[in-house]
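Analysis of the macromolecular model
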Amino acid sequence: MAETNDFKAEPPEGIDALGASSEGASLYELIREDIIEGRLAANERLVVADLARRHGTSTNPVREALQLLRGEGFVTFLPNRGARVRPIDQDFVRDIYEIGVLIEPALTRWFVGMATDEDIAELERLQGLIEENNFADTFRHSELDTAFHTVMYQRHYNRHAAELWWKHREVLRAVSRRFNFTLARRAAIIREHRELIALVKSGEVDKAAELIARHVEGSGRHVLEHMRARSAARAG
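Residues numbered from 1 in each chain as written. Predicted model: local features only at pLDDT ≥ 70, side-chain atom pairs only at ≥ 80, totals over all residues. Heavy atoms only, no water.

What about the overall build of the chain?
Short version of the rule: Labels follow the DSSP assignment, with helices taken as runs of H or I lasting at least four residues and strands as runs of E lasting at least two, numbered in each case from the N terminus. With C-alpha atoms as the basis for the radius of gyration, the globule rule is written as 2.2 Å multiplied by the number of residues raised to the power 0.38. Exposure classes here rest on a 1.4 Å probe applied to the protein chains alone. A residue is buried below 20% of its type maximum, exposed above 50%, and partly exposed in between. Contacts between residues were defined by any pair of non-hydrogen atoms, one from each residue, lying within 4.5 Å. Think of it this way: Lys and Arg go in the positive column, Asp and Glu in the negative one, and His and the chain ends go nowhere. Positions of charges follow a simple convention, taking NZ of Lys, CZ of Arg, CG of Asp or CD of Glu.
Counting its regular elements, the chain contains nine helices and three strands. Ordering the α and β elements of the chain from the N terminus gives α-β-α-α-β-β-α-α-α-α-α-α. Computed over its C-alpha atoms, the radius of gyration of the chain comes to 19 Å, within 12% of the 18 Å expected for a compact globule of 236 residues. A buried classification covers 45% of the 236 residues belonging to the chain. Within the chain, contacts between residues at least 6 apart in sequence are counted, and of these 73% link residues at least 24 apart. Charged side chains of the chain number 33 positive and 38 negative; the gap between the two group centres comes to 7 Å.

Have a look at this one:
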């Protein structure tokens, strides 16, 4: 099988992963990580000049990064109060995955009706790599899993829907990196991917759409369960 050490999922063709300069994109990654890890606290004010000094850059890339983070919901802008960190709480995660539950079945319906033999072969190839990795490298799993779903959505005629899916998936991926997969979730991912490939092969549109809705909801609920457990541990 193909080597996956340097494997990285790419967004659907025509969709810019960030739509930013290289410096703005780099700062975006750094600031987002600080928000997710709590180094920048919920509701903390984000002062452009302070962030520029901290990261040794000018103010323009910082402004660019903050606008990207605003677009993903990590940062809010309030009149006369500037930018602040949005709390990365359970409501935030719920809102993100519920959007996926709404749009991914529609994208899947289209794919099942249009899937080629080459598409199915690529899904099987990626699923083989996912199972070969077997969650040993969680970063690699995340990249392969994203590539698996990108095969299904990358040619959809509604580019706005495909872009919305990509951006919200990237948000959920960033948040979920803090948590390990439970054994039950690992088994569900493998089983549901295999079932999905079988449904695509047989052209069962409705069943595939129902399955992907459960799959996305299961992923979101898995993250929420980890967040609740972490909150309970901190409170105790």
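Regarding the domain arrangement of the chain
Heads up, the rule is: Domain ranges listed in this record stem from an automatic or a database domain assignment. Defined in terms of a 1.4 Å probe, buried area is the accessible area two parts forfeit on being brought together, summed over both. Criterion for a salt bridge: a side-chain nitrogen of Lys or Arg within 4 Å of a carboxyl oxygen of Asp or Glu. Any pair of N or O atoms that falls within 3.5 Å is considered a polar contact. Within protein, one atom must be able to donate a hydrogen and the other to accept it, and sequence-neighbouring residues count only if both atoms are side-chain atoms. Throughout this entry, Asp, Glu, Lys and Arg are counted as charged residues, while Ala, Val, Leu, Ile, Met, Phe, Trp, Tyr, Cys and Pro are counted as nonpolar. The remaining residues, Gly among them, count as polar.
Along its sequence, the chain is organised into domain 1 (27-85) and domain 2 (90-235). Using C-alpha coordinates to define each centre, domain 1 is positioned 28 Å away from domain 2. At the interface, seven residues of domain 1 touch eight residues of domain 2. Both sides together, the interface formed by domain 1 and domain 2 hides about 640 Å², and carbon and sulfur atoms give 58% of it. Contact with domain 2 buries surface across domain 1, with Arg32, Ile36 and Glu72 losing the most and accounting together for 64% of the total. Applying the counting criterion to the domain 1 and domain 2 interface returns one salt bridge. Salt-bridge contacts for Arg177 lead to Glu33; the nearest nitrogen and oxygen are separated by 2.4 Å. At the junction of domain 1 and domain 2, the tally comes to two residue pairs in polar contact (both at pLDDT 80 or more). When residues in the side of domain 1 that touches domain 2 are grouped by element, the largest group, three residues, is from helix α1 (residues 22-36). Among the residues making up the side of domain 1 that touches domain 2, the classes are represented as two nonpolar, one polar and four charged.

Overview of the packing of aromatic side chains
Filter applied, for reference: Side-chain rings of Phe, Tyr and Trp (the six-membered ring for Trp) are treated as a pair once their centres are within 6.5 Å; stacked means planes under 30 degrees apart, edge-to-face means over 60, and tilted covers the remaining angles.
Tallied over the entire structure, the rule returns five aromatic pairs. Both rings, one in Phe74 and one in Phe92, keep their centres 5.5 Å apart while their planes meet at 45°; by these two values the pair is tilted. On the criterion of sequence distance, the pair formed by Phe74 in the loop between α3 (59-72) and β2 (75-78) and Phe92 in helix α4 (residues 90-114) is long-range, its members being 18 residues apart. This pair shows no difference in class: Phe74 is buried, exactly as Phe92 is. Feature note: the residues Tyr153, Trp165 and Trp166 constitute an aromatic cluster, connected by ring pairs.

Structural notes on the nonpolar core
In plain terms, the rule: By convention a nonpolar core is built from buried Ala, Val, Leu, Ile, Met, Phe, Trp, Tyr and Cys residues, the set being connected through side-chain atoms within 4.5 Å.
One finds Ile35, Leu46, Leu66, Phe74, Phe92 and Val93 to be the most contacted residues of the largest nonpolar core, which totals 32 residues. Contributions of two or more residues to this core are made by α1, α2 (48-55), α3, β3 (82-85), α4, α7 (159-176) and α9 (205-235). Residues lining this core come from more than one domain, with at least three contributed by each of domain 1 (27-85) and domain 2 (90-235). Among all residues touching Phe74, those that are not within four sequence positions of it are Arg32, Ile35, Ile36, Leu69, Arg84, Val85, Arg86, Ile88, Phe92, Val171 and Val175. With 30 residues, the next largest nonpolar core counts Leu123, Met152, Tyr153 and Trp166 among its residues.

Quick look at the UniProt feature "domain: HTH gntR-type" (unreviewed entry) in the chain
Quick reminder of the rule: UniProt positions are given in the numbering used here, feature names are shortened, and annotations may be inferred rather than shown by experiment.
Residues given the UniProt feature "domain: HTH gntR-type" (unreviewed entry) here are residues 21-88. Taken end to end, residues 21-88 is 54% helix and 15% strand, and its two terminal C-alpha atoms sit 26 Å from one another.

Things to note about the sheet that holds strand β1 (residues 45-46)
Put simply, the test is: Paired strands, in this sense, are two strands between which DSSP finds at least two bridges.
Taken together, the three strands give an open sheet; going across it, the order is β1-β3-β2, and neighbouring strands pair in antiparallel fashion. This sheet does not close on itself; its edge strands, each paired only once, are β1 and β2. Bridge count between β2 and β3: four bridges; the pairing is antiparallel. Bridging across to β3, Leu78 finds its partner in Gly82.

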